[in-house]
Every structure is written in structure tokens, then in C-alpha cells.
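# Examining the three-dimensional arrangement
Read off the chains here:
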Amino acid sequence: MVQSLPSEFYSDFLSAAAKARKPSPIRGLYPLEARPGMISLLAGKPNAATFPLTSVQIKARSPTDPSQELTTELTGKALAEGLQYGPTAGLPSLCEWIYGLQEREHGRRKGEGWRVSVGSGSQDVIHKAILALVNPGEPVLVESPVYAGILPTFESLHCEFVVVPTDSQGIQSSSLRSTLEAWPASKPKPRVLYTVPYGGNPTGMTASKQRRQEVLALAREHNFLILEDDPYYYLYFGSAPCPPSYFSLELEQPEVGRVIRFDSLSKVLSSGIRIGFACGPEAIMNVIDMHTAVANLQTSSLTQAITFALLDSWGYDNFKAHTHTVSQFYKGKRDVFERLMKKHLDGLAQWDTPEAGMFFWFKLLLKAPGAEGAEEEDSESLIRTKALEKGVLALPGTVFLPDGGKTAYVRAAFSLLDEADVEEAIKRLRAVVLEARGA
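First things first, this report covers the structure right here in the doc.

Analysis parameters
Residues numbered from 1 in each chain as written. Predicted model: local features only at pLDDT ≥ 70, side-chain atom pairs only at ≥ 80, totals over all residues. Heavy atoms only, no water. Phe/Tyr/Trp six-rings, centres within 6.5 Å; stacked < 30°, edge-to-face > 60°. Helix = DSSP H or I, 4+ residues; strand = E, 2+ residues; numbered from the N terminus. Buried < 20%, exposed > 50% of the residue type's maximum accessible area, 1.4 Å probe, protein only. Axes fitted to C-alpha atoms, helices over the stretch in contact; angles between N-to-C directions. Left-handed = near helix turned anticlockwise from the far one by under 90°. Contact = heavy atoms within 4.5 Å. Nonpolar A, V, L, I, M, F, W, Y, C, P; charged D, E, K, R; others polar. 1 Å grid on protein atoms, 1.4 Å probe; cavity = no way out; pocket = protein on both sides within 12 Å on 5 of 7 lines; lining within 4 Å. Points joined across faces, edges and corners; volume = space filled by probe spheres on them.

A word on the packing of aromatic side chains. The way to describe two aromatic rings as a pair is by their centre distance and the angle between their planes. According to the stated counting rule, one finds 20 aromatic pairs in the structure shown. Where Tyr99 meets Trp114, the ring centres are 5.1 Å apart and the plane angle is 55 degrees; that geometry is what we call tilted. Of this pair, Tyr99 sits in helix H3 (residues 92–106) while Trp114 sits in the loop between H3 and strand S3 (115–119); the two residues are 15 residues apart in sequence, bridging distant segments of the chain. Look at Trp114 and you get buried, because its relative accessible area is 5%. The structure contains a cluster of three or more aromatic residues connected by ring pairs, namely Trp97, Tyr198, Tyr233, Tyr234, Tyr236, Tyr316 and Phe319.

Here is the structure:
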């Protein structure tokens, strides 16, 4: 029997803004419309008879045979559901499919202390979760380097960044322990930790099982919640077995409820379809949904209906086959990029080979061996000026550092370019580094 933390446990974690939220006076009553015999005069829903769409046909490559094309049609009740306002947390059909997926992937069963909330991409629900859990000016634990796209949310709250360094094995749990054990007794400890554990953006690192277990133990010992942002979970292509998620490993703890997991379909179905989902304690999902109800009402019913129609026609096994194909595609892209890095940047850059995701994180060796001065060089001006002048775009590492410090690291995405363009880009970077060395 899985033990879950009681709903009242989260009262100390919710922000003042979250506690002040109230259910939508209209959407909060939607479930009552389903009662037998109920005549609803409640919502200002447009009459479906005025909608011009009569069907939506979806053609997609077969997950098991890409040369074949499968057709799925959205009609009748499924289309009607997709064309009308729907539940704030997501269409029931899609939510049920997600429950089944999380049980297969992470061993988490519906009804065991968590539920689903569908968002307009995972960024949507992550943003709302942070606002639900963090008050202005509070300290937050963030891995470093960190996904730059999340920093503005924390910065808008004027948070104090408590940086936790990472390496090729993920978050350095020993450093996290040292930080928390040395925390001033007079100051409240951080209540959340943000991490991207598979194919981290920008580092490409995947956290080891041991590191995850150590972080989970620290979460229980020091009473913080883990925001597990996992858009690259299905893009794991390492040679070792895929390590279990925080969401899964939490089952080893005496109770569950300290992990809020965020998944995305952007990397495996379509980034434009904007479907992601949060899974976590109901008390936190409720607050996220209350935010959604007043901010954007719900995630698009039509994109949810299209997504479910496709996933339901495939089934879980074919979805898994598709994600494996996707991960192997990016493995091939990674291999090409690394081979050309070794060819043109050997001795001019250092890196760890990514095992998931779509990024290389590499350190430019801007000083020749034996050159005077031990101070680390900064890649920012070089990437923003010299590299740009030579016709190559990349991101300087400083944008991924919560404290904005200088670094010689650079992030490069390998997801789109063909081999010829990759080689030309790396050759241009080589020329930039050699010029910086004065060679």
C-alpha cells in the first residue's frame, strides 16, 4: 500500500498567492452538469450547431513502419468534445491515457496520492507550479547550469538562487547536503528544488540513480519539494539502462508526495501542438488548475482531442516504439556532432558525451597549453561577436548560470542540422578559438 502525504502537509509549501486563489465560480460547478437529470443554465458555452468543423482527419507515420501512413478521424462525440470548452485539468480521455502511461513508465497508479493536470506545454504548468510554491524573495534550489527558460519566472519573484552544481552524473548531492546542513538556523530553508534530470538543458547530463536517491533522501530530511522537469525523458539514448525517474524512485520512500513531475509531448509528437502535463499531489494540482481557470481557462480542447486520438489509435506499445525511434534519431545526430567535434575541436574544447536530449555543452579552451594566467576565459563576447561574424550561432554558457557568472562553456543544439552544416559550423568555431589564442 502506497502511503501519501496528507493534503494539509502542503499548506506550509503553498505561496501566499496560491492560498489566496479561489475556484472559478463557473468552472468550479462544471462537474455538476454531468449529474443525471440536471438542466444546466450555467456556462456561456457557444452552441455547437454553429461550429463549421464536421471532422478532423489525422494522417501519421506508423510507429513500427515509417513507410506506412495511418489515418485517424475525429468525428462525433470526440470531435464535439474537442470543439467545446472542457475541464480545466484536461479532457478526461487524455488524462486517463496519461494515468496509464505513468503507471507503465513510472509505476505510479491512479488514486495513490497524485493526479494529472494538462497544460499548454510543460512550460505552462511549471510556471504555474513555481508561482504556487514560491513567495517573492524566497530562496530556491536550482541546479547549475540551469535551463535558461525557467529563470525569468524565478526572477520575476526576485528569488534568491541557491545554486547546486552539477556534473556528468547530475546534481552533486554532496554539495546539496553541505548547503542545507550549513543553512543558518534563523533563516527558512528553500522549499523547492528545480532540476532537469534527463538530457539536461544545457548540459546534456543525465542524473544517475544513486544521485537521484540521495536527492530524494535530502528532500525528506530537509523538507523540500522536487520540481522534476523532464522534457527529454523519451530522448534517452545512453548505453546503460535508463535510470528511473524521481517520480518512480519516490515509491522507495516511506511516503510519496515530494515530487511534482512535468512531462512534455513537444519532443516526441510536435512542439507546436503544445501539450504537456504535470503529475503530483492533488493539493498542488488544484492550485495550478485554479490559476489556469483564470489565466487561460484550459489547454486547447481540440489539440487535446487530436493528441488523444493519435495516442489511443497507437496504444502504449506503439507509443513506446515511436519514442524509441525518436531517441535513436537523436543518438545518430549526437554521434555525427561528436565525431566532427573530435575532428575539428580536439584540443580546443572539452566536453562530456550527452546520453539524452539534443545539446552539447562544451568548454572552449581559449588559452593555448602553457599560456600565462590560470583564470578561466569567458565565452560570451567571443560567441556573441566573433562567432557571429563568422556566421555561426550558439549560446554562451553564462545565460544558463543563475548567478550570471562568466564561463568558457557554450551550448550547441544538434537536433536540426545535417552533417555538412554541422561540419561547417564546427569549423567556423575552430577558427574563432584559434584566433582567440592568437594562432
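Turning next to the packing of helix H10 (residues 301–345) against helix H12 (residues 419–437). H12 packs onto H10 with a crossing angle of 35 degrees between their chain directions and a minimal axis gap of 9 Å. Both H10 and H12 take part in a crossing whose hand is right-handed. Contacts between H10 and H12 involve Val336, Phe337, Arg339, Leu340, Met341, Lys343, His344 and Leu345 from the first element and Glu419, Val422, Glu423, Ile426, Lys427, Leu429 and Arg430 from the second. Here the residues of the contact of H10 with H12 are counted per class, giving eight nonpolar, one polar and six charged.

The next point concerns the layout of surface pockets. The space that makes up the largest pocket amounts to roughly 780 Å³. Pro31, Pro87, Thr88, Ala89 and Gly90 are, among the 28 residues lining the largest pocket, the residues nearest its centre. Contributions of two or more residues to the lining of the largest pocket are made by helix H2 (76–83), H3, S3 and helix H9 (282–295). Along the lines of polarity and charge, the residues of the lining of the largest pocket split into 14 nonpolar, seven polar and seven charged. Looking at the second largest pocket, it is lined by 25 residues, and the ones nearest its centre are Arg61, Val268, Leu269, His322 and Val326. Secondary structure elements with two or more residues in the lining of the second largest pocket: strand S1 (56–61) and H10. The element that contributes the greatest number of residues to the lining of the second largest pocket is H10, accounting for eight residues.

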